Amino acid sequence: MACGFRRSIAGQLSRVLDLPPENLIKSISAVPVSRKEEVADFQLSVDSLLENTNNHSRSDIQVQAKRLAEKLKCDTVVSEISTGPGTIHFKINRELLTKTVLRQVIKDGSKYGLKSELFSGLPQKKVVVEFSSPNVAKKFHVGHLRSTIIGNFIANIKEALGHQVTRINYLGDWGMQFGLLGTGFQLFGYEEKLQSNPLQHLFEVYVQVNKEAADDQSVAKSAQEFFQRLELGDTQALSLWQRFRDLSIEEYIRIYKRLGVYFDEYSGESFYREKSREVLKLLDSKGLLQKTEKGTAVVDLSRNGDPSSLCTVMRSDGTSLYATRDLAAAIDRMDKYSFDTMIYVTDKGQRKHFQQLFQMLKIMGFDWAERCRHVPFGVVQGMKTRRGDVTFLEDVLNEIRLRMLQNMASVKTTRELENPQETAEKVGLAALIIQDFRGLLLSDYQFSWDRVFQSRGDTGVFLQYTHARLHSLEETFGCGYLSEFNTACLQEPQSISVLQHLLRFDEVLYRSSQDLQPKHIVSYLLTLSHLAAVAHKTLHIKDNPPDVAAARLQLFKAVRSVLASGMQLLGITPVCRM
Ligand code: ARG
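Cut-offs and rules
- Residues numbered from 1 in each chain as written.
- Predicted model: local features only at pLDDT ≥ 70, side-chain atom pairs only at ≥ 80, totals over all residues.
- Heavy atoms only, no water.
- Near = heavy atom within 4 Å.
- Areas by Shrake-Rupley, 256 points an atom, 1.4 Å probe, with all protein chains shown as cover.
- Helix = DSSP H or I, 4+ residues; strand = E, 2+ residues; numbered from the N terminus.
- Nonpolar A, V, L, I, M, F, W, Y, C, P; charged D, E, K, R; others polar.
- Contact = heavy atoms within 4.5 Å.
- Buried < 20%, exposed > 50% of the residue type's maximum accessible area, 1.4 Å probe, protein only.
- Pairing = 2+ DSSP bridges.
- Right-handed = clockwise from strand over helix to strand, strands pointing away.
- Axes fitted to C-alpha atoms, helices over the stretch in contact; angles between N-to-C directions.
- Parallel < 35°, antiparallel > 145°, perpendicular 65-115°, else oblique.
- Polar contact = N/O pair within 3.5 Å; in protein donor to acceptor, adjacent residues only side chain to side chain.
- 1 Å grid on protein atoms, 1.4 Å probe; cavity = no way out; pocket = protein on both sides within 12 Å on 5 of 7 lines; lining within 4 Å.
- Points joined across faces, edges and corners; volume = space filled by probe spheres on them.
- Salt bridge = Lys/Arg side-chain N within 4 Å of Asp/Glu carboxyl O.
- Phe/Tyr/Trp six-rings, centres within 6.5 Å; stacked < 30°, edge-to-face > 60°.
- Lys NZ or Arg CZ within 6 Å of the ring centre and 35° of its normal.

Details of the site of the ligand
So, step 1. In the neighbourhood of the ligand, the contacting residues comprise Glu130, Ser133, Asn135, His144, Tyr170, Tyr322, Asp326, Tyr344, Thr346, Gln350 and Phe354.
So, step 2. In the complex, 89% of the free accessible area of the ligand, which totals 350 Å², lies under the protein chains.
So, step 3. Breaking the shell around the ligand down by element, the ones donating at least two residues are helix H13 (322–337) and strand S11 (341–347).
So, step 4. Looking at the shell around the ligand residue by residue, the class counts come to four nonpolar, five polar and two charged.

Thoughts on the environment of leucine 570
So, step 1. Mapped onto the fold, leucine 570 is located in helix H22 (residues 546–570).
So, step 2. Note: C-alpha distance between leucine 570 and isoleucine 154 (416 residues apart in sequence) is 8.5 Å.
So, step 3. Among all residues touching leucine 570, those that are not within four sequence positions of it are Phe153, Ile433, Ile434, Phe437, Pro518, Ile521, Val522 and Leu525.

Comments concerning the pairing of strand S6 (residues 164–171)
So, step 1. With seven of its eight residues buried, S6 lies for the most part within the structure.
So, step 2. One ladder, built from five bridges, connects strand S5 (residues 126–130) with S6; its direction is parallel. Bridge assignment links lysine 126 to a residue of S6, and that residue is glutamine 164.
So, step 3. Of the crossover connections in this fold, the one passing from S5 over helix H6 (residues 142–160) to the parallel S6 is right-handed.

Observations concerning the pairing of strand S3 (residues 78–84)
So, step 1. Note that S3 and strand S4 (residues 87–92) share six bridges and pair antiparallel. Paired with threonine 83 across the two strands is isoleucine 88, which belongs to S4.
So, step 2. Between S3 and S4, which pair antiparallel and follow one another directly, the connecting turn spans two residues, one of which, glycine 86, has a positive phi of 70°.

Concerning the packing of helix H20 (residues 505–515) against helix H21 (residues 519–538)
So, step 1. Contact geometry of H20 with H21 gives a least axis separation of 8 Å together with a crossing angle of 155°. By the criterion of interaxial angle, the relationship of H20 to H21 is roughly antiparallel. Contact residues: Phe505, Val508, Leu509, Arg511, Ser512 and Asp515 in H20; His520, Ile521 and Tyr524 in H21.
So, step 2. Of the residues in the contact of H20 with H21, the class split is five nonpolar, two polar and two charged.

Describing the sheet that holds strand S7 (residues 265–268)
So, step 1. The strand order S7-S6-S5-S11-S12 describes an open sheet built from five strands, whose pairing is parallel. Where the open sheet ends on each side, the last strands, each with one partner, are S7 and strand S12 (372–377). Geometrically, the sheet is characterised by an average inter-axis angle of 25° between neighbouring strands, direction not taken into account.
So, step 2. Where S5 and S11 come together, four bridges link them in parallel fashion. Within the sheet, the bridge partner assigned to glutamate 130 lies in S11 and is tyrosine 344.
So, step 3. Helix-sheet contacts for H13 involve S5, S6, S7 and S11, and the interaxial angle to S6 is about 155°.

Some details on the side chain of arginine 333
So, step 1. Among the secondary structure elements, arginine 333 is positioned in helix H13.
So, step 2. Using a relative accessible area of 1% as the deciding quantity, one classes arginine 333 as buried.
So, step 3. In this structure the side chain of arginine 333 is engaged in a polar contact, spanning 3.1 Å, whose partner is the side chain of glutamate 130.
So, step 4. Setting aside residues up to four positions removed in sequence, arginine 333 forms contacts with Val128, Glu130, Ile168, Tyr170, Ser338, Phe339, Met342 and Tyr344.

A look at empty space enclosed by the protein
So, step 1. With the rule as written, the count across this model stands at four cavities of 30 Å³ or more.
So, step 2. Of the voids in this model, the largest cavity is the one considered here, and its volume is about 70 Å³.
So, step 3. Every residue along the wall of the largest cavity is listed here: Ala137, Lys138, Phe140, Leu199, Tyr252, Ile255, Thr391, Phe392 and Leu393.
So, step 4. Tallied by class, the residues present in the lining of the largest cavity amount to seven nonpolar, one polar and one charged.
So, step 5. By volume, the second largest cavity amounts to about 50 Å³.
So, step 6. For the lining of the second largest cavity, the elements supplying multiple residues, two or more each, are H6 and helix H16 (420–437).
So, step 7. Ranked by residues supplied to the lining of the second largest cavity, first place goes to H6 with four residues.

Overview of the packing of H6 against H22
So, step 1. Relative orientation of the contacting elements H6 and H22 amounts to 125°, with a least axis distance of 7 Å. Viewed along their axes, H6 and H22 adopt a mutual orientation that is oblique. From H6, Phe153, Asn156, Ile157 and Ala160 reach across to H22, where they touch Gln568, Leu569 and Leu570.
So, step 2. A per-class count over the contact of H6 with H22 returns five nonpolar, two polar and no charged.

With respect to the pattern of salt bridges
So, step 1. According to the stated counting rule, one finds 33 salt bridges in the structure shown.
So, step 2. For lysine 91, the salt bridge goes to glutamate 38, with nearest N and O atoms at 4.0 Å. Placement of lysine 91 in strand S4 and of glutamate 38 in the loop between strand S1 (28–30) and strand S2 (42–45) is noted, with a sequence separation of 53 residues between them.
So, step 3. Assessed through its relative accessible area of 62%, glutamate 38 is described here as exposed.
So, step 4. The network of salt bridges with shared partners includes Glu251, Arg254, Arg258, Glu394, Arg401 and Glu425.

Brief notes about the packing of aromatic side chains
So, step 1. Counted according to the given criterion, the structure contains 22 aromatic pairs.
So, step 2. Aromatic pair tyrosine 112 and phenylalanine 505: ring centres 6.3 Å apart, planes at 5°, arrangement stacked. Within this pair, whereas tyrosine 112 is found in the loop between helix H5 (94–108) and S5, its partner phenylalanine 505 is found in helix H20, the two being separated by 393 residues in sequence. A single burial state applies to tyrosine 112 and to phenylalanine 505, both of which are buried.
So, step 3. Here the aromatic rings of tyrosine 344 and phenylalanine 358 are separated by 5.8 Å at their centres, their planes lie at 35°, and the arrangement is tilted. Of the two residues, tyrosine 344 is situated in strand S11 and phenylalanine 358 in helix H14 (residues 351–363); the sequence distance between them amounts to 14 residues. Grouping residues by exposure puts tyrosine 344 and phenylalanine 358 together as buried.
So, step 4. Clustering of aromatic rings is evident, with ring pairs tying together Phe131, Tyr252, Tyr256, Phe263 and Tyr266.
So, step 5. Taking the ring centre of tryptophan 174 as reference, the NZ or CZ of arginine 273 above it sits at 4.2 Å.

Some remarks on the sheet that holds strand S9 (residues 297–300)
So, step 1. An order of S8-S9-S10 is seen for the three strands of this open sheet, with the pairing classed as antiparallel. A single partner strand is all that each edge strand has here, and the edge strands are strand S8 (289–291) and strand S10 (310–314). Taken over all neighbouring pairs, the strand axes of this sheet differ in orientation by 40° on average, direction set aside.
So, step 2. Here four bridges tie S9 to S10, and the two strands are oriented antiparallel to one another. Across the sheet, residue alanine 297 finds its bridge partner in S10, namely methionine 314.

So far we have only geometry, and geometry alone does not tell us how the molecule works.
Written out as structure tokens, the structure reads:
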């Protein structure tokens, strides 16, 4: 929130510099807390102010900073002004800082940070986020898991900022795999297994029929025929396909729920086989479609800079491809949602696909292609469950729960938990998400269960532990104290560090909302937890005068509130006991 401090500093600056305060607000930032020394609360980077004028030398900037600082005066808000390298530092009146930050956190609750002046005037947009998007009957691999948690985070943060978000799961629910599946199910499918465990059973059938088709030409042929029947709209074939799809989605919904993830729309490639034909016609009418010798059709994108760019959009038998269906899907979503932004979340292997997709939309004359954005992420190596490589989302969730339960069994409070399974799942998921979100999304990393679940160090277990501990503090002392508190009681360095850190939450949210990288929020929350641990050790509540106890309790309440909302944005459900 910064609680209007930035605005007040900007007000004074604006008078001295004769610039509108709105232009100055983003040059003023909260100073990160340092372990070594006491720091000021805000800083102004003189460099960023001079950005638009010509290049300034270092000493020049230093002189400018000093000169500007001399013109500024302390007032009821700012109690100290000093200069650093190219910066001006502001210290806020201590009592005001304490009172304002705590009041604001308590007042805004889960909206703290989001109502900040940094977001003021932010237009509300329609945002489509497409994520997860597994392929029916095929593996739900680690890439789909990453897409799921990253997409969920992006949708959460956009929604928190007041945008209207539509969450789409674009299933791989069409293509030759359904020819194989149709044939396979007739050969070795079981109705009961399909009903009771559709994802598992369809996958088994798919694996088996693939093997058979490799050895037996007639199986391969019959699969091809089945797919052709589907493409031609044969009702019997389609109704089997529909059942595979429906039962799979039902199970997906149930499993996503364990992750705390939901979708507004289960779309899929199947929706776009007919619309793909229209897309081909449109491409043709614009002179963009080139027939090849093989009978396929391509779009040449080389004039946009990449010389090797031919994108195939039609097979020789006239059917559509992945790219064609994506073109149709994008156009359809524009019609349906008139989005301001559409975000696709997939691994970086699909980068070229999305570049080509957006380029094709553009040369087709859809200016809104610029509103489409691909958020690529890196590869995770070595995630294994007891059943081997990741094949089902449910296996990963079960593995997390089991391992976490084993970890927790060594701690004595676990035995008193009402629902240890549920707690283990929430803590374990936090661990997984934090591990995944710590670095840049684009980086690859080597997965390790041991590292994920470390309770010490920068893990999700530590965040959950901190949250639970703060919660129990409130439970133990909560009711006895008033919400009116004496701010003079919170002037120890440990309190000030926490307050200064709370002051920065809005900037961190702002950064993550701009570059869509969760790592800013992750490191913020880890630091918050470390600061809280230090404060907890030194600032006792028990056996202290009531006003001191009440003030400290407020401080810890504020920390828990911010910790909880940060965790929730990341897709983590905070636990109150563990
Ligand atoms: N089903 C695809 C896969 O598993 C991901 C779909 C991504 N979204 C898209 N619009 N192409 O690789």
